[in-house]
Amino acid sequence: MSDIFFNEDRDLKNCWDKYSNEHLDSYLVSGVEDPRINCQSILTRGLIGDSLWPGELGDLINAEMQFGAVMTWLMRKLDDGVSRETLMDAVTSGNDEIVPKFVIQAYSEGLREDCIVPDYITDSLVDISNDREETQLNELSLNTFIHLWEFATRGRTCKPVSIIEAACGSANDYRFINRYGLAEHLRYSGFDISSKNIANATNRFDDVDFFVGSIMDCGAANESYDYTFVHDLFEHLSIEAMEKALEEVVRIVRKEAWLHFFNAAKVDDHEVSRVSGYHWNTLSVDRVVRSLERLSASVEVINIAEMLEGKFGYQDYHNQQAVTMIVRKS
Ligand SMILES: C[S@@+](CC[C@H](N)C(=O)[O-])C[C@H]1O[C@@H](n2cnc3c(N)ncnc32)[C@H](O)[C@@H]1O
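Here, residues in each chain are numbered from 1, in the same order as that chain's written sequence. Totals for whole chains, interfaces and linings use all residues, but because this is a predicted model, local features are given only for residues with pLDDT of at least 70 and pairs of side-chain atoms are given and counted only at 80 or more. Side-chain numbers here rest on the full set of heavy atoms in the structure, without hydrogens or water.

**What to know about the overall build of the protein chain**
- Secondary structure is summarised from DSSP: a helix means a run of H or I of at least four residues, a strand means a run of E of at least two, and numbering begins at the N terminus for each. Helix and strand counts for the protein chain stand at 14 helices and 11 strands.
- Radius of gyration means the value over C-alpha atoms here, while the globule rule gives 2.2 Å times the residue count to the 0.38 power. Whereas a compact globule of 330 residues would reach a radius of gyration of roughly 20 Å, the protein chain reaches 20 Å, a difference of no more than 12%.
- A principal-axis box enclosing the C-alpha atoms of the protein chain has dimensions of 60 × 45 × 40 Å.
- Categorising residues by exposure relies on relative accessible area from a 1.4 Å probe, with only protein chains included: less than 20% of the type maximum marks a residue as buried, more than 50% marks it as exposed, and the intermediate range marks it as partly exposed. Each of the 330 residues in the protein chain was classed as buried or not, and the buried ones make up 56%.
- Only heavy atoms enter the contact rule, under which two residues are in contact if any of them lie within 4.5 Å. The long-range fraction of contacts in the protein chain, counting pairs at least 24 apart against all pairs at least 6 apart in sequence, stands at 73%.
- Surface exposure of the protein chain reaches about 14,700 Å², of which carbon and sulfur atoms provide 46%.
- Counted charges follow a simple rule, with Lys and Arg positive, Asp and Glu negative, and His plus the chain ends left uncounted. One atom stands in for each charge, and that atom is NZ of Lys, CZ of Arg, CG of Asp or CD of Glu. The distance from the centre of the 31 positive side-chain charges to the centre of the 56 negative ones in the protein chain is 4 Å. Calculation of accessible area relied on Shrake-Rupley with a 1.4 Å probe; when residues are assessed, cover is drawn exclusively from the protein chains displayed.

Next comes the structure, spelled out in structure tokens:
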């Protein structure tokens, strides 16, 4: 680990390693964070798919993003206490005072015989086994796109690509990259500062290159991977460490870095907020972009809420500050 960031790395490690292995293994893979419905996780899988088969899976990727939007909307409503019956009635009767049009539209599409995406809305709202919490969507519906990805990629060949994931947690995203059939086409490495996370990840996948490391100095050689991706880390670093982390992700990739932020806004300056042992900053999109451009990269900024509104008319995505940056090396 880098000397300059030794203390910060130690504090970050303690922040995550203080939790139990069981907690770390599950806390970011449920509810609206479930990578099967989280739109930024869906975006990562779409980017992986597009890097393997450029331009060939656009319809599937778009349909999965719509699925993520619909399932997130349903999950939020159930969390707000709206009953399954109320939602199902409103969907089937096309009541757009209760259910937004994009959800009703997804339901109608799912009923069409020629639609490859089944009616996952009915699957998610009915047929819940008794041992489930009332707010959970059922597994059958959550797994809809696992089957569609498997089907779309079965028998396809491609040139393998190499990907390194920083702050991989307990293989939070990788476990689904694997279940969706994408991992077999990748040379994947994942690292995290928490040894408990890496123990969990290795426990699940003992033949995958998971290692303990810091994004400030991860040990990978210059341009040793085609791509990297990072979910929900940069806001937790000091601004100095974040700048170093941006340098590091640009340094280690040949092609692109996909950086996902949960708290980045159109503000002039970063808003620093230190909480016990780590940070919970609001990052300035413009400042992050300028830092990346100084590293000779070009940046495409995707505000997730705006993208979902533009594509599907989803108006109240719960996190208006979720931002993804696709960083291309010049
Ligand atoms: C909010 S969690 C996100 C985990 C995972 N990327 C996800 O989205 O589910 C932040 C993760 O960053 C890891 N982390 C914190 N500081 C780090 C550092 N300096 N380098 C690498 N990983 C770090 C933590 O251990 C934790 O797993």
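Once the structure has been displayed, the description carries forward.
**A look at the nonpolar core**
- We define the nonpolar core as a collection of buried residues of types Ala, Val, Leu, Ile, Met, Phe, Trp, Tyr and Cys that are connected through side-chain atoms lying within 4.5 Å of one another. Ranked by internal contacts, the top residues of the largest apolar core, which has 73 residues, are Ile121, Phe210 and Leu308.
- The element best represented in this core is helix H4 (residues 58–79), accounting for 12 residues.
- Boundaries of every domain are those given by an automatic assignment or by a domain database. Both domains that furnish three or more residues to this core are identified here as domain 1 (6–31 + 158–329) and domain 2 (66–144).
- In this structure leucine 308 touches Cys39, Met65, Ala69, Gly313, Tyr314 and Tyr317, once residues within four positions along its chain are discounted.
- Formed by 42 residues, the second largest nonpolar core is a distinct cluster that contains Trp16, Ile193, Met216 and Leu292.

**Focus on the site of the ligand**
- We call a residue near a molecule or strand whenever a single non-hydrogen atom of that residue lies within 4 Å of it. Taken together, 20 residues lie near the ligand, and Ala167, Asn172, Asp192, Ile215 and His231 sit nearest.
- At 3.3 Å, a backbone N or O of isoleucine 193 approaches a nitrogen atom of the ligand.
- The term polar contact refers here to a pair of N or O atoms within 3.5 Å; inside protein, the definition further demands a hydrogen-donor-capable atom paired with an acceptor-capable atom, and it admits residues adjacent in sequence only when both atoms are side-chain atoms. Between an oxygen atom of the ligand and a side-chain N or O atom of asparagine 197, the distance comes to 3.0 Å.
- In isolation the ligand has 590 Å² of accessible area, and contact with the protein removes 96% of it.

**What to know about the packing of H4 against helix H9 (residues 144–153)**
- Close contact between H4 and H9 brings their axes to 11 Å; oriented N to C, the two are set at 175°. Comparing their axes, H9 and H4 come out roughly antiparallel. Note on element contacts: H9 touches H4 through Thr144, Phe145, Leu148, Trp149 and Ala152, opposite Leu60, Ile61, Ala63, Glu64 and Phe67.
- The classification used treats Ala, Val, Leu, Ile, Met, Phe, Trp, Tyr, Cys and Pro as nonpolar, Asp, Glu, Lys and Arg as charged, and all other residues, Gly among them, as polar. Across the contact of H4 with H9, the residue classes break down as eight nonpolar, one polar and one charged. Note on geometry: axes are C-alpha line fits, over the in-contact stretch for helices, and angles between N-to-C directions span 0 to 180 degrees. In what follows, roughly perpendicular refers to angles from 65 to 115 degrees, roughly parallel to angles under 35, roughly antiparallel to angles over 145, and oblique to any angle outside these ranges.

**Comments concerning the domain arrangement of the protein chain**
- Annotation of the protein chain at the domain level lists domain 1 (6–31 + 158–329) and domain 2 (66–144).
- Taking the mean C-alpha position of each, domain 1 and domain 2 sit 30 Å from one another.
- Taken together, the contact between domain 1 and domain 2 spans nine residues of the former and eight residues of the latter.
- Take the accessible area each of two parts loses on contact, using a 1.4 Å probe, and add the two losses: that sum is the buried area. Contact with domain 2 buries area across many residues of domain 1, yet Phe312, Tyr314 and His318 alone supply 63% of it, more than any other trio.
- Counted as salt bridges are all cases of a side-chain nitrogen of Lys or Arg within 4 Å of a carboxyl oxygen of Asp or Glu. Across the domain 1-domain 2 interface, the total number found is zero salt bridges.
- Where domain 1 packs against domain 2, one counts zero residue pairs in polar contact (both at pLDDT 80 or more).
- Tallied by class, residues from the side of domain 1 that touches domain 2 come to four nonpolar, three polar and two charged.

**What about the pattern of salt bridges?**
- Counted under the stated rule, the structure contains 18 salt bridges.
- Notably, a salt bridge pairs aspartate 25 with arginine 204, separated by 2.8 Å at the nearest N-O pair. Within this pair, whereas aspartate 25 is found in helix H2 (residues 21–26), its partner arginine 204 is found in helix H11 (residues 195–204), the two being separated by 179 residues in sequence.
- Judged by relative accessible area, aspartate 25 falls into the buried class, the value being 18%.

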